[in-house]
Amino acid sequence: MVPVIRNAENLTFRGVEAEVKRLAIRARDGQITVDEMTGGTFTISNGGVFGSMLSTPIINPPQSGILGMHNIVERPVAIDGKVEIRPIMYVALSYDHRIIDGKESVGFLVAVKEALENPTELLMDNNIKKALEM
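Residues numbered from 1 in each chain as written. Predicted model: local features only at pLDDT ≥ 70, side-chain atom pairs only at ≥ 80, totals over all residues. Heavy atoms only, no water.

**Here we look at the pattern of salt bridges**
Enumeration according to the criterion identifies six salt bridges in this entry. For the salt bridge of Glu 84 with Arg 86, the shortest nitrogen-to-oxygen distance reads 2.7 Å. One salt bridge connects Asp 96 with Arg 98, and the closest N-O pair in it is separated by 2.8 Å. Overall, the relative accessible area of 14% leaves Asp 96 in the buried class. (Salt bridge = Lys/Arg side-chain N within 4 Å of Asp/Glu carboxyl O. Buried < 20%, exposed > 50% of the residue type's maximum accessible area, 1.4 Å probe, protein only.)

Below, the structure is given as structure tokens:
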């Protein structure tokens, strides 16, 4: 089931969170409608909550793409010539090449990476209270 969040560009973080929660409750209670699950253009799948380390998400037609986010685990990485332990999360993007060019998809993944690494700057305009409507 893929519920659709409509007009997300007009929602704050808190608004998106509230809509996700509302749709999840309706789905869990068997009250979600076909209208609430149709018309989407892009899916975000979070297999990480179930421990998924990596997968290849499959597009839900007629959508144009799907972003798969996975489990965050500590891994050794090279930082300035030294091995350090850092949290690592794999993401995977599947998209319809008839609609989306590879260059734009890579740019999108870079923007997702940067947002995940520094969410207050890129997603909250360095203003957590305002973004969370506090």
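**Describing the environment of Met 53**
On the secondary structure map, Met 53 appears in the loop between β1 (42–46) and β2 (65–79). Note on Met 53: relative accessible area 28%, which makes it partly exposed. Placed 16 residues apart in sequence, Met 53 and Met 37 show a C-alpha to C-alpha distance of 27 Å. Met 53 has contacts with His 70, Asn 71, Val 73, Arg 75 and Tyr 90, leaving out every residue within four places of it along the chain. (Helix = DSSP H or I, 4+ residues; strand = E, 2+ residues; numbered from the N terminus. Contact = heavy atoms within 4.5 Å.)

**Here we look at a nonpolar patch on the surface**
Taken together, the side chains of Phe 42, Ile 44 and Phe 108 present a nonpolar region at the surface, about 270 Å² in accessible area. Note that Phe 108 resides in helix α2 (residues 102–117). (Patch = residues over 30% accessible without salt bridge, like charges linked within 9 Å, V, L, I, M, F, W, Y side chains within 5 Å. Areas by Shrake-Rupley, 256 points an atom, 1.4 Å probe, with all protein chains shown as cover.)

**Some words on the sheet that holds strand β3 (residues 82–95)**
What holds strands together in a sheet is hydrogen bonding between their backbones, with the strands either parallel or antiparallel. On the basis of which strands lie adjacent, the open sheet formed by three strands has the order β1-β2-β3 and mixed pairing. The open sheet has two edge strands, β1 and β3, and neither has a second partner. Each strand axis lies, on average, 30° off the axis of its neighbour in the sheet, ignoring direction. Here β2 pairs with β3 via 13 bridges, running antiparallel. Bridge pairing links Val 77 to Glu 84 in β3. Relative to the sheet, α2 contacts β1, β2 and β3, its axis offset from that of β3 by approximately 140°. (Pairing = 2+ DSSP bridges. Axes fitted to C-alpha atoms, helices over the stretch in contact; angles between N-to-C directions.)

**Things to note about the side chain of His 70**
With respect to the helices, strands and loops of the structure, His 70 is situated in strand β2. On the accessibility criterion, His 70 (3% relative accessible area) is buried. A polar atom in the side chain of His 70 sits 2.9 Å from the side chain of Ser 55. Separated by 3.0 Å, the side chain of His 70 and the backbone oxygen of Tyr 90 make a polar contact. (Polar contact = N/O pair within 3.5 Å; in protein donor to acceptor, adjacent residues only side chain to side chain.)

**A closer look at the nonpolar core**
In this structure, Leu 67, Met 69, Leu 93, Tyr 95 and Val 112 together form the largest nonpolar core, which totals five residues. Where this core is concerned, the elements lending two or more residues are β2 and β3. With residues near it in sequence (within four places) discarded, Met 69 still touches Ile 44, Ser 45, Asn 46, Gly 47, Gly 48, Met 89, Tyr 90, Val 91 and Leu 116. (Core = buried A, V, L, I, M, F, W, Y, C linked by side-chain atoms within 4.5 Å.)

**Description of helix α1 (residues 13–28)**
Its 16 residues give α1 an end-to-end C-alpha distance of 22 Å, which sits within 8% of 22 Å, the value for a rise of 1.5 Å per residue. Within the sequence span of α1, burial applies to Gly 15, Glu 19 and Leu 23. The buried residues of α1 all sit within an arc of 65° when viewed along its axis, so they share a single face. The exposed residues of α1 that point more than 90 degrees off its buried face are Glu 17, Lys 21 and Arg 28. In the segment just after α1, Gly 30 is the residue with positive phi, at about 70°. (Expected span 1.5 Å × (residues − 1). Arc of directions from axis to C-beta.)

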